[in-house]
Amino acid sequence: MKPATAPPAGVPFFTQAKSFDARWPEIARHLHDVFDRGKFSHGRKVEELEQAIAGYTGARFAVAVNNGTDALTLLLRAAGIGPDDEVVVPAFTFVASASSVALARARPTFADIDPDTYGIDPASAEAAITPRTAGIMPVHLFTQMCDMEGVLQLAARHGITVLEDSAEAIGMRWDGRHAGLLGAGGVLSFFPTKTLGAIGDAGMIITDDPGIADRAGTLRHHGRIGRTIDHIAGISNLSGVSGTNSKTDDLQAAVLLAKLPHLDDDIATRARLAEAYTARLTGVPGVRRTPRVVTRPVPTDSVFYVYLIEVDRRDDLVAHLTARGIGTEVYYPIPLHTQPVFAELGYRQGQFPHAEAACRHAVGLPFYPDLSIDDVDRVCDAVREFYTGSAA
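Here's a quick rundown of the structure. Since the structure is predicted, the reported quantities are computational estimates derived from the model, not experimental observations.

Considering the sheet that holds strand 13 (residues 362-365)
Consideration 1: With respect to topology, three strands assemble into an open sheet ordered 10-12-13, the strand pairing being antiparallel. The two strands at the open ends of the sheet, each matched to only one other strand, are strand 10 (287-289) and strand 13. Each adjacent strand pair in this sheet contributes to an overall mean axis angle of 50°, direction not counted.
Consideration 2: Bridge count for strand 10 against strand 12 (residues 307-311) is two bridges, and the pairing is antiparallel. When the bridges of strand 12 are listed, Arg289 appears paired with Glu310.

This is the structure we're talking about:
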């Protein structure tokens, strides 16, 4: 039986109820395949998803894992990052970008961001490089890719590896190459709110490097050597390295396979919604910045994953919207270099001013393909009311 769905009250920060309901017949067909076979983890449906994601992104290899954080950690390990290594990470991003470095037993070092794209600033990243630096992790956030020309040139000058946190970047491309494939490899997250979202956790490593793909595939299944996906006998394979248990759930793979054919339409819908938001919020007092897609020297494909604005009195605005049933998400209230988990690294407030300013002012508004223009109007009216006293 199809899960019951009910329209949520207000304007939630995220919901996929309407599109999930519309796509249920296709989702159900893939789910029935899983139940009919009785293999619910690391099975044939996962292999189908790997092939489909490789086809969509153009990657030679796609390695499915349990979530985006595992994808980053295993990518780092598969690329040879380990103890005594440093990896440069932007100070403004989700904590997993840096914690994955620590989980790979390396050390994150931090750099500032470009205030227009929220991506790592190559000049600041270069200042963070030391003799121990082995890698740099550009993070493609919200709408567009980092300055990959600058990142790749920096990496070439210093002989370090580029490992992309492209968790939010499905559909983004730089001169025709999908995010995650400009360096040694990248990752995708399929967390439910993502542009291509599951109904739980799932992630993917994408790479053109056969060695990285092979090592990542081994690490995800307890370091077991040889084929393990959809191969029950593989549970008894020899373990060649110390791996982990990060096998993708076939039920999540089934949902993603049903949604993937609609991805480009969803991306187009997101672009239209972003245009509607920007038209309504431009010029509103207190709204400091709406999203800007930066022109690059090569063609790029942007994708609106989050509609992020920067505002005055951000926390008061959030309270105002919450009181009116409008969901928000603060990205990210504390920069990574001042997070308690990284206190021992010795960073201090004031070192990365662009990252710190974004942490004070940035907020994400409701944004997903199920959102209507009426919903956008309601959100923008509430923002305008907060700053001017009137929704008109």
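A few points about the sheet that holds strand 6 (residues 173-174)
Strand-to-strand pairing in sheets goes through backbone hydrogen bonds, with the strands running parallel or antiparallel.
Consideration 1: The three strands lie next to each other as 7-6-11, forming an open sheet whose pairing is antiparallel. Two strands close off the open sheet at either side, each with one partner strand: strand 7 (177-178) and strand 11 (300-301).
Consideration 2: Bridge analysis of strand 6 against strand 7 gives two bridges, and the strand direction is antiparallel. Following the sheet pairing, Trp174 is matched in strand 7 by Arg177.

Focus on the side chain of His30
Consideration 1: With respect to the helices and strands, His30 occurs in helix 2 (residues 24-37).
Consideration 2: Here His30 is in contact with Lys45, Ala254, Leu257 and Ala258, once residues within four sequence places are set aside.

Here we look at the environment of Ser242
Consideration 1: When you line up the elements, Ser242 lands in the loop between helix 8 (210-219) and helix 9 (250-259).
Consideration 2: Once the C-alpha coordinates of Ser242 and Ser19 are considered, the two residues, 223 residues apart in sequence, prove to be 41 Å apart.
Consideration 3: Filtering out sequence-adjacent residues up to four positions away, Ser242 remains in contact with Arg77 and Leu219.

Description of helix 8
At 3.6 residues per turn, the α-helix brings residues three or four places apart onto the same side.
Consideration 1: Those residues of helix 8 lying buried are Ile212, Ala213, Ala216, Gly217, Thr218 and Leu219.
Consideration 2: Those residues of helix 8 that are buried are in contact with strand 1 (61-65), helix 4 (68-78) and strand 9 (203-207).
Consideration 3: With a side-chain oxygen positioned 2.8 Å from the backbone nitrogen of Gly211, the residue opening helix 8 is Asp209.

Topic: the environment of Glu86
Consideration 1: Its location among the elements puts Glu86 in strand 2 (residues 86-90).
Consideration 2: On the basis of relative accessible area, Glu86 is assigned to the buried category, the value being 6%.
Consideration 3: Along the sequence, Glu86 and Gly68 sit 18 residues apart, while their C-alpha atoms lie 21 Å from each other.
Consideration 4: Apart from residues lying up to four places away in sequence, Glu86 is in contact with Arg107, Thr109, Thr130, Arg132, Thr133, Ala134 and Gly135.

Thresholds applied
- Residues numbered from 1 in each chain as written.
- Predicted model: local features only at pLDDT ≥ 70, side-chain atom pairs only at ≥ 80, totals over all residues.
- Heavy atoms only, no water.
- Pairing = 2+ DSSP bridges.
- Helix = DSSP H or I, 4+ residues; strand = E, 2+ residues; numbered from the N terminus.
- Axes fitted to C-alpha atoms, helices over the stretch in contact; angles between N-to-C directions.
- Contact = heavy atoms within 4.5 Å.
- Buried < 20%, exposed > 50% of the residue type's maximum accessible area, 1.4 Å probe, protein only.
- Polar contact = N/O pair within 3.5 Å; in protein donor to acceptor, adjacent residues only side chain to side chain.

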